[in-house]
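Survey of secondary and tertiary structure
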Amino acid sequence: MRVTTPLWSVAFEMRKAPSDEAAIVAFDMAAFNDLVSVAELADFLDTDLVARWGVERVRRVLPLLDENAWSPMEPVMRLTWLDEVRPHRLLSNHPVFDSSGRFVGTPDGIDPDAGVYGMYDGALHLAGDVRHKDVAKEAAYRALGLEGATMMAGDLADRGPFQVRLREAYARAARKPASDRSWSVDLPAWWIDTTTVAARRELSTYDQRRLLAHRQSAA
C-alpha cells in the first residue's frame, strides 16, 4: 500500500539531513533514478511545504541541485569545486566531443568555459581494468586541450588537496589559447540527451536500457 510520494519523501530527507551537503546528495540520487526534478521540487515547496520545518534549507540549496549526478560522491566533489571556484557553468556527466563531433568521454564534471574537468576516483578506480580505462580517458581529454583534477576517496576528510589540484588545473587551462581547444560540449544532432530528468523520462524502454546502462553498474 502506497503511503508516501517521491516528492514528499525526497523533501523529507532533505529537510532532516544532517547537513546541506547531505541534503543535496539525497536529491541528486533521487533525480538519478528520475523520481523527482528540480522544477517539481520547487513547485512542491510553494504548495505543500510552505510552513514545514526545514523548508528554508531546501529553498537555500535549490540552486546547487543537479539532475545528472551518477554517484553519491559526485555531488560532494561538485560542492567542493563550487566552494573553491565559482564557474559560470559546471556540468555533471556531460558528454565531450572532439572537433569532428566524435564522442570522447563523459567526465564527472566539466567547466566548459574554462576547459577544466573533474573526476571522482573511489576504491573501484584504483586498480585493474577500471584504472586502465581512466588513464586512457585522461590522456584523451588532455589531447583535446582539457585540463583535469581528480578527487580521491582520501580527500573526503580534507578537501584541501583536491582544491589545490583544481586551482592548478584552472591555471594550466588559463595559459592555453582558445585556438588550441579541439573539444566541444555541444550535442551533435545524432546524440540523444539524457542529462535531465525530463529527457530521461521521455526515453523509450529500449533507449533506457541502451543509454542508461551506467545505472546498472551503480546499483
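Above this text is the structure in question.
Model, not experiment: these values are computed from the prediction. (Residues numbered from 1 in each chain as written. Predicted model: local features only at pLDDT ≥ 70, side-chain atom pairs only at ≥ 80, totals over all residues. Heavy atoms only, no water.)

Concerning the overall build of the chain
Scanning the chain from N- to C-terminus turns up 10 helices and 7 strands. Taken against the 2.2 N^0.38 rule, which gives 17 Å for 219 residues, the C-alpha radius of gyration of the chain at 18 Å falls within 12% of a compact globule. With respect to the three principal axes, the spread of C-alpha positions in the chain is 55 × 40 × 35 Å. Considering the chain as a whole, with its 219 residues, one finds that 44% of them fall into the buried category. (Helix = DSSP H or I, 4+ residues; strand = E, 2+ residues; numbered from the N terminus. Rg over C-alpha atoms; globule rule 2.2 N^0.38 Å. Buried < 20%, exposed > 50% of the residue type's maximum accessible area, 1.4 Å probe, protein only.)

What about the sheet that holds strand E2 (residues 96–98)?
Here 3 strands make up an open sheet; going across it, the order is E3-E2-E7 and the pairing antiparallel. The sheet is open, and its two edges are formed by strand E3 (103–105) and strand E7 (183–184), each paired on a single side. The pairing of E2 with E3 spans 2 bridges and is antiparallel. Bridging from a neighbouring strand, Phe-97 pairs with Phe-103 of E3. (Pairing = 2+ DSSP bridges.)

Brief notes about the packing of helix H1 (residues 6–16) against helix H2 (residues 20–32)
Orientation of H1 relative to H2, taken along the N-to-C sense of each, is 160 degrees, at an axis distance of 8 Å. Taken together, H1 and H2 sit at an angle that is classed as roughly antiparallel. Crossing angle aside, the handedness with which H1 passes H2 is right-handed. Touching Val-10, Glu-13 and Met-14 of H1 are Ala-23, Ala-26, Phe-27 and Ala-30, all from H2. Broken down by class, the residue content of the contact of H1 with H2 amounts to 6 nonpolar, no polar and 1 charged. (Axes fitted to C-alpha atoms, helices over the stretch in contact; angles between N-to-C directions. Parallel < 35°, antiparallel > 145°, perpendicular 65-115°, else oblique. Left-handed = near helix turned anticlockwise from the far one by under 90°. Contact = heavy atoms within 4.5 Å. Nonpolar A, V, L, I, M, F, W, Y, C, P; charged D, E, K, R; others polar.)

Overview of helix H3 (residues 38–47)
Listing the buried residues of H3 in full gives Leu-41, Phe-44 and Leu-45. Within H3, the buried residues cover an arc of 100 degrees as seen down the axis, which keeps them to one side. The exposed set on the far side of H3, more than 90 degrees from its buried face, consists of Asp-43, Asp-46 and Thr-47. Residues of H3 that are buried make contact with H1, H2 and helix H4 (55–61). (Arc of directions from axis to C-beta.)

Things to note about the nonpolar core
Judged by nonpolar contacts, the single largest core of 20 residues is most densely connected at Val-10, Met-14, Phe-27, Val-36, Leu-41 and Leu-65. At the level of elements, H1, H2, H3 and H4 are the ones that each hand at least two residues to this core. Not counting residues up to four positions away in its chain, the partners in contact with Val-36 are Leu-7, Val-10, Phe-27, Ala-30, Ala-31, Leu-41, Val-197 and Arg-201. If you look at the next biggest cluster of nonpolar residues, it comprises 19 residues, including Phe-32, Leu-82, Tyr-170 and Ala-173. (Core = buried A, V, L, I, M, F, W, Y, C linked by side-chain atoms within 4.5 Å.)

A few points about the packing of aromatic side chains
All told, the structure shown has 7 aromatic pairs when counted by the stated rule. An aromatic cluster is built from Phe-97, Phe-103, Trp-190 and Trp-191, whose rings are joined through pairwise contacts. We note Arg-15 situated over the ring of Trp-8; from NZ or CZ to the ring centre the distance is 5.9 Å. (Phe/Tyr/Trp six-rings, centres within 6.5 Å; stacked < 30°, edge-to-face > 60°. Lys NZ or Arg CZ within 6 Å of the ring centre and 35° of its normal.)

Quick word on the environment of Ser-204
Position of Ser-204 relative to the elements: it lies in the loop between helix H8 (197–201) and helix H9 (205–211). Given the relative accessible area of 36%, Ser-204 is considered partly exposed. A C-alpha to C-alpha distance of 30 Å links Ser-204 and Asp-111, two positions 93 residues apart in sequence.

Focus on the packing of H1 against H3
Contact geometry of H1 with H3 gives a least axis separation of 11 Å together with a crossing angle of 80 degrees. In this view, H1 runs roughly perpendicular relative to H3, as classed from their interaxial angle. Contacts between H1 and H3 involve Leu-7, Trp-8, Ala-11 and Met-14 from the first element and Glu-40, Leu-41 and Phe-44 from the second. Partitioned by chemical class, the residues of the contact of H1 with H3 number 6 nonpolar, no polar and 1 charged.

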